[in-house]
Amino acid sequence: MVLSKQELDWAQKYWTAANYLAAASIYLKDNFLVEEPLKPSHIKDSLLGHWGTCPGINFIYTHLNIMIVKHEQPVLLLTGPGHGFAAILANNFLEGSLQPYYSQLTHDKAGMGNLIKMFCWPEGFPSHLNPGVPGCIHEGGELGYSLGTAFGAVLDNPDLIAACIVGDGEAETGPTATAWHSTKWLNPKIDGAVLPIVHINGFKISNPTVYGTMSDAELKSLFIGYGYEPLFVGPDHKEMGEAIENAYQRIKRIQNTARSGKPIARPKWPVILLRTPKGWTGVKMHEGHKVEGSFRSHQVPAKDCQTNHESLKEVEKWLKSYKPHDIFPGGKIPADLLDYVPMGDLRIGSNPNALGGNMRIPLTLPDPHRLEIKLDRPGSVHGASTPTIGQYLKHVLILNADKHNFRIFSPDELASNKLDAVLDITDKVYVWPTEDAKDAKIGQTGRVMEMLSEHTLQSWFQGYNLTGRHGIFPSYEAFLPIVDSMVSQYIKFIELSEQRKWRTPVPSLNYILTSVCWRQDHNGFSHQNPGFVSTLLNKAREEHNIRLYFPADANMALAMMDHSLRSTNRVNVIVADKQLIRQWRTYEQAVEQCLTGAAVWDFASAQNPDVVLAACGDYATQEALATIMMLRHQVPELRVQFVNVSELNSLGVNPFYPNAMDEATFNMLFPLDRKVVFTFHGYPGAVKQILFDRPRNDRFHVYGYIEKGTTTTPFDMFIRNNVSRYHLAMRLIRHGARVNPQVAAKAELLVATYESKILEHKAYILRHGSDPEGVHGWKWH
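Summary of the structure given here. Residue numbering note: each chain is counted from 1, following its sequence as written. In keeping with the predicted nature of the model, local features appear solely for residues at pLDDT of at least 70, side-chain atom pairs appear and are counted solely at 80 or more, and the whole-chain, interface and lining totals rest on all residues. Think of the side-chain values as coming from all heavy atoms in the structure, minus any hydrogens and water.

### Points about the overall build of the chain
In step 1: When helices and strands are counted, the chain shows 24 helices and 22 strands.
In step 2: With C-alpha atoms as the basis for the radius of gyration, the globule rule is written as 2.2 Å multiplied by the number of residues raised to the power 0.38. At 30 Å, the chain has a C-alpha radius of gyration in line with the 28 Å of a compact globule built from 781 residues.
In step 3: Throughout, a residue-residue contact means that at least one pair of heavy atoms, one from each residue, lies within 4.5 Å. Counted over contacts in the chain with a minimum sequence separation of 6, partners at least 24 positions apart contribute 78%.
In step 4: As displayed, the chain offers around 28500 Å² of accessible surface, 52% of which is attributable to carbon and sulfur atoms. Secondary structure elements follow DSSP: runs of H or I of four or more residues count as helices, runs of E of two or more count as strands, with numbering from the N terminus. Here the Shrake-Rupley method, with its probe set to 1.4 Å, supplies the accessible areas, and only the displayed protein chains count as covering residues.

Shown next, in the form of structure tokens:
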């Protein structure tokens, strides 16, 4: 569809206005409309920002506005090149979406000056997209995730189009490469649509981009292969207007066909491939070098303009080329400049989905008591944590089926991780036709999103979450570190969001880490990596709502899952294995312990202890209790207090860990005058780090996984990492002997016995490939 002359004239005028505001924001701290010759005193002392991508972003924003006004179509914009924030800020200002939150950004000369000065200014706006603007759910600082996040935002959001600007630099990242396949999980009957716009300006910071060096024919083949209908556009308003309109009509045809009841078969979604010069309309040449259309325009052209007179004149000539006095007569925004700017919630910067807390509908959750594993006494029955959680999630799906606001994002591991009870009532989503779909529990409308790309799953999850919906991400423990950096970026986003009252809390990001390092007897060393928790621990502080849960058994896992799904603005991590293991606590006891994060287990503890044994993690707990049982038989004089730690954060101190135990509770669990042998699920450094600020932390001796792994038995893993019952017993005896003469009398002989046991085990497993008899058959009594 061809744009009218009125629309084309408006597009040129509006685009020019946005370009001026973006450029002025990078340079000026005064003389905002260049009403007098530029002086060094008008230039910001620190010139920050990225001009190169701004004109292209403004160009896209301009034509999205026309489409929105014409069709009253809600659009959520995600900008992969988030370093082009000056452009987004200019458009948000022009459309008026900032003024409800920043009263100083009025549509007059003063407001325009405030906007320009606030960019990259203390207490103003930073250089990248951020939660300080209401239309943002993706910062675009770390490249690769905008496209996947856009797809997550439109799941179960049938009326929404997420326009996603993918920079040609970002297009080189692995996460973007896999995210192109997201259309194969997008159901046009119940989901919205993503309109990807690849901005090909040819250069990164100092190198050409891959897409920039490819011909149109090569790019066409690539995107047809991905399953898209590519639309090519040059730096021309007429072409861009037609492409946006054609893409919109294509999206509506796909959706209308699906929603009329016709079969869905390989829909070809549109993608726009936009070629523009980098730094378009900016400085042409500087000191004899090409700037516009080259990598030199990436950040701040003529950056020495405060000290170099010739550079200052170049910047002045550039800014004046936009004729700011004509665009903004009297420093005001004329009414006709807003002719094709949407109003109210249709403004891109005011899309309600970007304030996901306002869209959040709390989940209806099942009663966990119904799924409790009953036990007569501690350790009397076996159960498994993830199958129990799976049953719980099954009921979550049933209770919230009509809300369409809960999904499970998982690599190809749901059944392997024994969470497949949910497949009793839902399918794994895959929209394209497949063979044997029924046998594999694959369907076009399921609640489970399985793809073998942790990056894409995390992107989907964040897009779904930040638009107000709930979810969970279960994974092999070893492979969640793949998204370490993505989760870190999300935590930053939430921290900044909490500084703004108008960003209400969103549902928490919830993770289950299973197939843990101690039970990789099938896969071995490559699958043994408990490092995700250590990374998050580095982020934990007062402003960051991070919870690290280590349930000792299924009932504790159940309590933690229920608590996590009720929370908001958090990152919750539950580390729990999938295999059968001894069960220790009733559900009520589990809930009670969750209030503090740790507890003395009386059934395994002696009065007036000589030493404390603490365990954090399901297998660490089981081996610790095997240690106590062994010591009760062999050295009953040794008095041990057993402490189970179920929430790692609780060991820290305020204000770094807001949910930390108070000092009195902490010292009741870990008496100041007693040594503590602490066996941990993960890397020992994680616990040492969190205990650092506790008084008398030298009483703690922490052990855990130390990268000694292979394909072997769980007990052999304990032996290899020096946390077996024999290793723990020797440490307890040595510490106990210092305060208990009866233990001291036996200590040397007992230590020698346990050292011999370790050697016997190593020899036995080499000969037989299995553990000696008796290692697993012990009973708690």
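Having put the structure on the table, let's press on.
### Quick notes on the pairing of strand E19 (residues 611–616)
If a strand is regular, its side chains alternate between the two faces of the sheet.
In step 1: Whether a residue is buried, partly exposed or exposed follows from its accessible area with a 1.4 Å probe, protein chains only, as a fraction of its type maximum: under 20%, in between, or over 50%, in that order. In terms of residue burial, E19 counts as a mostly covered element, since 6 of its 6 residues are buried.
In step 2: Burial along E19 is two-sided: Val611, Leu613 and Ala615 facing one way and Val612, Ala614 and Cys616 facing the other are all buried.
In step 3: Here, any two strands with at least 2 DSSP bridges between them count as paired. When E19 meets strand E20 (residues 640–645), the two strands line up parallel, connected through 5 bridges. Within E20, the position partnered with Leu613 by the bridge is Phe642.
In step 4: Crossovers are described as right-handed under a simple rule: with the strands pointing away from the observer, the path leading from the first strand over the helix to the second runs clockwise. At this point the chain moves from E19, through helix H19 (residues 618–634), to the parallel E20, and the crossover so formed is right-handed.

### Here we look at empty space enclosed by the protein
Sizing a probe to match a water molecule and rolling it over the atoms shows the empty space that remains.
In step 1: The method works on a 1 Å grid over the protein atoms by themselves. A cavity is a set of points holding a 1.4 Å probe that cannot get out, a pocket is an open set with protein on both sides within 12 Å along at least five of seven lines, and residues with an atom within 4 Å of a point line them. Grid points are joined across faces, edges and corners, and a volume is the space filled by probe spheres set on the points. Scanning the entire structure with this criterion turns up 5 cavities of 30 Å³ or more.
In step 2: Computed from the structure, the largest cavity encloses a volume of approximately 160 Å³.
In step 3: Lining the largest cavity are 14 residues; nearest its centre among them are His138, Glu139, Gln462, Gln489 and Tyr490.
In step 4: Contributing elements (two or more residues each) for the lining of the largest cavity: helix H14 (454–466) and helix H15 (484–497).
In step 5: Among the elements that make up the lining of the largest cavity, the one with the highest residue count is H15 (4 residues).
In step 6: All amino acids are sorted into three groups, where Ala, Val, Leu, Ile, Met, Phe, Trp, Tyr, Cys and Pro are nonpolar, Asp, Glu, Lys and Arg are charged, and the leftover types, Gly among them, are polar. Taken together, the residues that form the lining of the largest cavity break down as 6 nonpolar, 6 polar and 2 charged.

### Re helix H23 (residues 725–737)
In step 1: Multiplying 1.5 Å by the residue count of a helix minus one yields the expected span of that helix. Over its 13 residues, H23 runs 18 Å from end to end, which matches the ideal 18 Å to within 8%, given 1.5 Å per residue.
In step 2: Among the residues making up H23, those that are buried are Arg725, Tyr726, His727, Leu728, Ala729, Met730, Arg731, Leu732, Ile733, His735, Gly736 and Ala737.
In step 3: On its buried face, H23 sits against E19, H19, strand E21 (676–680), strand E22 (700–703), helix H22 (714–720) and helix H24 (741–768).

### Focus on the pairing of strand E16 (residues 571–575)
In step 1: Among the 5 residues of E16, 5 are classified as buried, and the element is accordingly described as predominantly covered.
In step 2: What you see with E16 is no split at all: Val571, Val573 and Val575 on one side and Asn572 and Ile574 on the other are buried throughout.
In step 3: Sheet topology note: the strand E14 (residues 509–514)/E16 ladder contains 5 bridges and is parallel. Across the sheet, Tyr511 pairs through a bridge with Val573, a residue of E16.
In step 4: Summarising the sheet, strand E15 (residues 546–549) and E16 pair through 4 bridges and their orientation is parallel. Looking at E16, one finds that Tyr549 is bridged to Ile574.
In step 5: Regarding the hand of the β-α-β motif, the stretch spanning E15, helix H17 (residues 554–566) and E16 is right-handed.

### Quick notes on the layout of surface pockets
In step 1: The volume enclosed by the largest pocket comes to roughly 370 Å³.
In step 2: In terms of lining, the largest pocket is formed by 21 residues, of which the most central are Met630, Arg725, Tyr726, Lys757 and Gly774.
In step 3: Among the elements of the structure, H19, H23 and H24 are those that each provide at least two residues to the lining of the largest pocket.
In step 4: With 6 residues, H24 is the largest single contributor of residues to the lining of the largest pocket.
In step 5: Grouping the constituent residues of the lining of the largest pocket by class yields 10 nonpolar, 6 polar and 5 charged.

### A word on the nonpolar core
In step 1: What makes a nonpolar core is a set of buried Ala, Val, Leu, Ile, Met, Phe, Trp, Tyr and Cys residues whose side-chain atoms join them at distances within 4.5 Å. With 259 residues, the main nonpolar core has Leu28, Phe328, Leu648, Leu651 and Phe670 as its most contacted residues.
In step 2: Per element, the largest residue contribution to this core is 13 residues, and it comes from helix H1 (residues 5–27).
In step 3: Filtering out sequence-adjacent residues up to four positions away, Phe328 remains in contact with Ala17, Tyr20, Leu21, Leu33, Leu94, Met112, Ile333 and Leu337.

### A look at the sheet that holds strand E2 (residues 161–167)
In step 1: The parallel open sheet is built from 5 strands, whose spatial order is E1-E2-E3-E5-E4. Here the strands that pair on one side only, and so sit at the sheet edges, are strand E1 (75–79) and strand E4 (228–233). Taking each pair of neighbouring strands and ignoring which way they run, the sheet shows an average axis angle of 20 degrees.
In step 2: Across 6 bridges, the pairing between E4 and strand E5 (residues 269–275) is parallel. Looking across to E5, one finds that Tyr228 is bridged to Trp269.
In step 3: Seen against the sheet, helix H8 (residues 216–226) touches strand E3 (193–200), E4 and E5 and runs at an angle of roughly 155 degrees to E4.
In step 4: In this analysis an axis means a line fitted to C-alpha atoms, helices contributing only their contacting stretch, and an angle means the value between N-to-C directions, from 0 to 180 degrees. Taken strand by strand, helix H9 (residues 237–259) contacts E2, E3, E4 and E5, and its axis lies near 165 degrees from that of E5.

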